[in-house]
Amino acid sequence: MRKTVWSMCGMCTVRCPIRIEVEDNRVKWIEGNPHLLNGALCAKGSAGPALIADSERPLQPMIRRGGRGAGRWEKVSWEFALDYVADKLKTIIDKYGPEAVMASSRGGPFQDLVKAFTHALGSPNYTNHDSACGRNVHHASKSLFGLGRKGFIYDIKNANHLVLFGRNILASLRPAEVNQVLDMIDKGGKLTYVDVRQTLTGIKATNFFQVRPGTDYALALALIHEIIQAGGYDREFVERYTTGLDEMAEFVKEYTADWAARECGIKVQKIHQLVEQLIEDRPRVVFHPGWMLSRYSDSFYASRALNALNALMGSIEVEGGLLFPKGPGDCGVKGPRSIADLSPKITTPRADGVGEVYKQFDKGPGLFHLFYKAMATEQPYPVKGIICVRHDPFSCFPDPAAQKEALDNCELIVSVDTHYSEFGWYSDVILPEATYLERESMIAIQKGLKPRLIKRNKAVEPESDTIDLYSILHGLATRLGLDEYFPFSTMQELWKWQLEPTGRTLEDFDEKGFVELTGTPIMYDRDNLDGKFKTPSGKIEFISQNLTEWGLPSWKPYESPAKPPKGQFRLVFGRSPIHAHSHTVNNPLLNEMMPENTLWINSRAAGKMGVSDGDMVDVSSDGATSVVKARVTDFIHPEAVYTVHGFGRQIPLQTRAYHAGMSDQKLMKGQLQNMDTAGGGLCLCETFVTVRRSSKNPQRKVEL
Ligand SMILES: Nc1nc2c(c(=O)[nH]1)N[C@H]1C(S)=C(S)[C@@H](COP(=O)(O)OP(=O)(O)OC[C@H]3O[C@@H](n4cnc5c(=O)[nH]c(N)nc54)[C@H](O)[C@@H]3O)O[C@H]1N2
Ligand SMILES: Nc1nc2c(c(=O)[nH]1)N[C@H]1C(S)=C(S)[C@@H](COP(=O)(O)OP(=O)(O)OC[C@H]3O[C@@H](n4cnc5c(=O)[nH]c(N)nc54)[C@H](O)[C@@H]3O)O[C@H]1N2
Ligand code: SF4
Ligand SMILES: [Mo]
């Protein structure tokens, strides 16, 4: 008999609520939770069953027996693997202290577990992927509002105008957000889209700007200037809730629409037209500050400018604008407990220097790439053990070769993953986690206008020798004598403990798969937002007191991005709606839909090089080369070439993905420490590549 299991998708980190139909321990159907998503799901989410069926992934623990990366693995039992890892951790801790162990996990609601484990060991060195994703956006938002990247949600559905700078919202997607955008368009809302190429989002736009790569900050500054100049901002809101308007106005004086049009390579009339629309459409205007802005050396400031535009529009805590996400406290109830509360507070300085050398960055997850520095230099102290959970640094950060060199200083490298990651393949131990359909996860809060508790239930029993993350960490903690921090032997026990203060029970999740903490959406009084902005002044700071104190400018004078030398291009990247970074590329279903990436290249530039659509090209930078098919198109700026991130994988056991397409991160030679010093994000779009017709026979799979 078929049964319904409520759960959360795990094919990417959005974690959409889902309804699963199960029969005879088989997943028969997956759809978006009808109460929240009206059944909607993306292609990746629908490919969940193919993940379970995929045998080209680690199906039991493995210990490296050959050299690192050689692929000689011994399959072992969980007892053996956990004993092995616990012993190695003990040795490192005895020799160098607990802070010599670092752990990273891909953020999201379940990061608490890995953080709790790291702190239980006595190490402050918990980190995540974010220096290659949203750190610039996060810190930019903090400098303005005192609230991080997740400090606002966007009421797109009710907006009059949504402005997206390289936020390809319909392709790099969240189903709920896609529906909001389409609803907004249906209701007559305007969409402005800025990119260096045409996209799924751009083709729906009211205003589309194809800009010169790296010039977003110029356009944003000009919008600030023109709006202030026209007196088109929300005076009442700005006077009540912001500081530093005059200084900002003075700073942007030289950044006129005429100037920006020349700098970005767009029409000045179109900028003026946009300004007029925005003034008319406010306050129901959302300037998306970017999700992933680890791109250019001024992306922090570009994101800061986009958020300043939100403040000028007065679009905070207003329908169709940016809303404060509400939590349990706003509903007058207590939230669930976090396992991180059981672990000790660690005061040892972090090995990445965040909080000490780099006072401007949030200590929370610090900055992963800086740990490589510590490994190589043993400064401020040695880092000898690394555990990566749901995170593949070799796909995530630039220049895997440089990362491997740093990692060679480590005595233990562990990957907790559902797949062979590039990092896992180089590691000492692979601890395979059960897939999201075969495991339970902790209860988490989803903040919003109607905050709710969510929970992942197990749809089917694993048929492989894989277990969930809690069991893995609990197994290690027990072996290390740290049981007090992981006292629960089952997820059921942990759930019950988490729920105790909330007054809710596990049964409350049965009806819809989640528990709403309020029946009606909560909005704050926009006329009384005092105390909501967590900056030193309590206001939205156009000129940030903290940045000033740290010796950083609130606004960086604009510098035009370098033009690529003749015969070279700026390498830019993005996502496909069909894949999630690198880890779905070998998924049997998704691989069938999109088996490889291509290199987008402007028609005129390609013509000059004698490259036609479909030709193989060598893409190289500083000794590294990738070979890929060219996609010749008018719809990309001639200075840039573009590819979908995540391909060019090098794990022979993943036969579908092996050497299919190109890896962008491999070409980012020397960029591992190229960080935006104000935002902490890496500058991933600051690589120039040479493109040539390739002599490669398409029959050959591997690169030479
Ligand atoms: N060059 C370049 N670099 C980039 C990007 C880019 O576009 N280009 N994008 C950047 C961005 S925005 C991000 S967010 C990062 C993403 O970088 P990563 O965090 O490394 O990316 P993911 O592919 O999401 O996940 C990494 C690993 O998690 C594993 N995994 C998936 N599901 C599970 C699970 O349920 N349990 C466990 N234990 N493991 C699981 C996958 O198999 C994969 O090996 O990369 C960044 N780096
Ligand atoms: N299907 C799918 N959806 C995803 C993900 C996924 O892996 N797959 N990953 C999720 C994650 S972790 C993240 S962080 C988000 C990222 O979400 P986005 O930031 O929206 O995604 P990207 O596709 O990386 O980049 C968007 C665009 O930036 C453009 N771009 C490059 N240079 C410039 C420039 O100078 N100016 C402008 N304006 N645009 C430029 C690229 O051409 C690309 O089209 O997506 C999330 N959603
Ligand atoms: S966006 Fe798609 S893959 Fe990601 S959680 Fe939602 S349904 Fe799953
Ligand atoms: Mo990301």
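Everything quoted here is computed from the prediction, not taken from an experiment.

## Notes on the packing of helix H6 (residues 135-145) against helix H13 (residues 299-313)
When two helices pack together, their arrangement is captured by the angle between the axes and the distance separating the axes.
Part 1: Relative orientation of the contacting elements H6 and H13 amounts to 45 degrees, with a least axis distance of 8 Å. Overall, the two elements H6 and H13 adopt an arrangement that is oblique. Seen from above, H6 lies across H13 with right-handed handedness. Contacts between H6 and H13 involve Asn-136, Val-137, His-139, Ala-140, Ser-141, Ser-143, Leu-144 and Phe-145 on the former and, on the latter, Ser-299, Phe-300, Ser-303, Arg-304, Asn-307 and Ala-308.

## As for the packing of aromatic side chains
Part 1: Under the criterion given, the structure shown has 26 aromatic pairs.
Part 2: Counting every residue linked through ring pairs, the aromatic cluster contains Tyr-217, Phe-251, Tyr-255, Trp-259, Phe-300, Tyr-301, Trp-555 and Tyr-558.
Part 3: The cationic tip of Arg-174 hangs over the ring face of Trp-291; the distance from NZ or CZ to the ring centre is 4.3 Å.
Part 4: Residue placement shows Lys-455 over the ring face of Trp-495; its charged tip is 4.3 Å from the ring centre.

## Things to note about the domain arrangement of the protein chain
Part 1: Under the domain assignment used here, the protein chain contains domain 1 (62-132 + 334-516), domain 2 (152-323 + 535-549) and domain 3 (568-693).
Part 2: Relative placement of domain 1 and domain 3: their C-alpha centres are 30 Å apart.
Part 3: With 27 residues of domain 1 at the interface, the matching set in domain 3 holds 27 residues.
Part 4: Both sides together, the interface formed by domain 1 and domain 3 hides about 2,200 Å², and carbon and sulfur atoms give 59% of it.
Part 5: The tally of links from domain 1 across to domain 3 stands at two salt bridges.
Part 6: Note that Asp-399 is salt-bridged to Lys-669, the shortest N-O span being 3.5 Å.
Part 7: Inspection of the domain 1/domain 3 interface yields 12 residue pairs in polar contact (both at pLDDT 80 or more).
Part 8: Secondary structure elements with two or more residues in the side of domain 1 that touches domain 3: helix H14 (368-377), helix H15 (393-396), helix H16 (400-407) and helix H17 (422-426).

## Structural notes on the site of ligand 1
Part 1: Near ligand 1 you find 27 residues, and of these Arg-106, Cys-396, Asp-417, His-419 and Glu-433 are the closest.
Part 2: Here a nitrogen atom of ligand 1 sits 2.8 Å away from a polar atom, N or O, in the side chain of Glu-433.
Part 3: Arg-439 has a polar side-chain atom sitting 2.9 Å from an oxygen atom of ligand 1.
Part 4: Taking 910 Å² as the accessible area of ligand 1 by itself, protein coverage stands at 98%.
Part 5: When contributions to the shell around ligand 1 are tallied by element, the ones reaching two or more residues are H15 and strand E16 (412-417).

## A short note on the nonpolar core
Part 1: In terms of nonpolar packing, the biggest core is built from 146 residues, with Ile-224, Phe-287, Leu-312 and Ile-386 touching the most fellow members.
Part 2: What Phe-287 contacts, discounting residues up to four positions off in sequence, is Val-163, Phe-165, Leu-223, Leu-278, Leu-306, Leu-309, Asn-310 and Met-313.
Part 3: Judged by nonpolar contacts, the second largest core, of 58 residues, contains Val-389, Leu-499, Phe-509 and Leu-517.

## Looking at the site of ligand 3
Part 1: Neighbouring ligand 3 are Cys-9, Met-11, Cys-12, Val-14, Arg-15, Cys-16, Leu-41, Cys-42, Lys-44, Gly-45, Leu-173 and Pro-175.
Part 2: Across the shell around ligand 3, the residue classes tally to nine nonpolar, one polar and two charged.

## Considering the sheet that holds strand E20 (residues 514-516)
Part 1: If you trace the three strands from one edge of the open sheet to the other, you get E18-E19-E20, paired in antiparallel fashion. At either end of the open sheet lies a strand with only one pairing partner, and these are strand E18 (441-446) and E20. Sheet twist, expressed as the mean angle between neighbouring strand axes with direction ignored, is 15 degrees.
Part 2: The sheet contacts of helix H19 (residues 491-499) involve E18 and strand E19 (452-456), and relative to E18 the element is tilted by about 30 degrees.

## Re the sheet that holds strand E22 (residues 568-574)
Part 1: Read around the closed barrel, six strands run E22-E26-E23-E25-E24-E27, paired in mixed fashion. Averaged over all pairs of adjacent strands, the angle between strand axes in this sheet comes to 45 degrees, irrespective of strand direction.
Part 2: Bridge analysis of strand E23 (residues 598-602) against strand E26 (residues 640-644) gives two bridges, and the strand direction is antiparallel. Directly across from Trp-600, in E26, lies its bridge partner Tyr-642.

## Quick notes on the side chain of Asn-158
Part 1: Mapping Asn-158 onto the fold places it in the loop between strand E8 (153-154) and strand E9 (161-165).
Part 2: The exposure class of Asn-158 is buried, given its relative accessible area of 19%.
Part 3: A polar atom in the side chain of Asn-158 sits 3.1 Å from the side chain of Asp-155.
Part 4: Excluding residues that lie within four positions of it along the chain, Asn-158 makes contacts with Lys-187, Arg-284, Glu-319 and Gly-320.

## Details of helix H8 (residues 216-229)
Part 1: Here H8 contains 14 residues, and its C-alpha end-to-end distance of 20 Å stays within 8% of the 20 Å for a straight helix at 1.5 Å per residue.
Part 2: Directly after H8, the chain includes Gly-231, whose backbone phi takes a positive value near 60 degrees.

## Quick word on the packing of H8 against H13
Part 1: Relative to each other, H8 and H13 sit at 25 degrees, their axes nearing to 9 Å. The orientation of H8 relative to H13 falls into the category roughly parallel. Along this stretch, H8 crosses H13, giving a crossing that reads as left-handed. The segment H8 lies against H13, with Tyr-217, Ala-220, Leu-223, Ile-224, Ile-227 and Ile-228 engaging Tyr-301, Ala-302, Ala-305, Leu-306, Ala-308, Leu-309, Leu-312 and Met-313.
Part 2: In the contact of H8 with H13, the residues fall into 14 nonpolar, no polar and no charged.

Parameters and conventions
Residues numbered from 1 in each chain as written. Chains lettered and ligands numbered in written order. Predicted model: local features only at pLDDT ≥ 70, side-chain atom pairs only at ≥ 80, totals over all residues. Heavy atoms only, no water. Axes fitted to C-alpha atoms, helices over the stretch in contact; angles between N-to-C directions. Helix = DSSP H or I, 4+ residues; strand = E, 2+ residues; numbered from the N terminus. Parallel < 35°, antiparallel > 145°, perpendicular 65-115°, else oblique. Left-handed = near helix turned anticlockwise from the far one by under 90°. Contact = heavy atoms within 4.5 Å. Phe/Tyr/Trp six-rings, centres within 6.5 Å; stacked < 30°, edge-to-face > 60°. Lys NZ or Arg CZ within 6 Å of the ring centre and 35° of its normal. Domains from an automatic or database assignment. Buried area = accessible area lost by both parts, 1.4 Å probe. Salt bridge = Lys/Arg side-chain N within 4 Å of Asp/Glu carboxyl O. Polar contact = N/O pair within 3.5 Å; in protein donor to acceptor, adjacent residues only side chain to side chain. Near = heavy atom within 4 Å. Areas by Shrake-Rupley, 256 points an atom, 1.4 Å probe, with all protein chains shown as cover. Core = buried A, V, L, I, M, F, W, Y, C linked by side-chain atoms within 4.5 Å. Buried < 20%, exposed > 50% of the residue type's maximum accessible area, 1.4 Å probe, protein only. Nonpolar A, V, L, I, M, F, W, Y, C, P; charged D, E, K, R; others polar. Pairing = 2+ DSSP bridges. Expected span 1.5 Å × (residues − 1).

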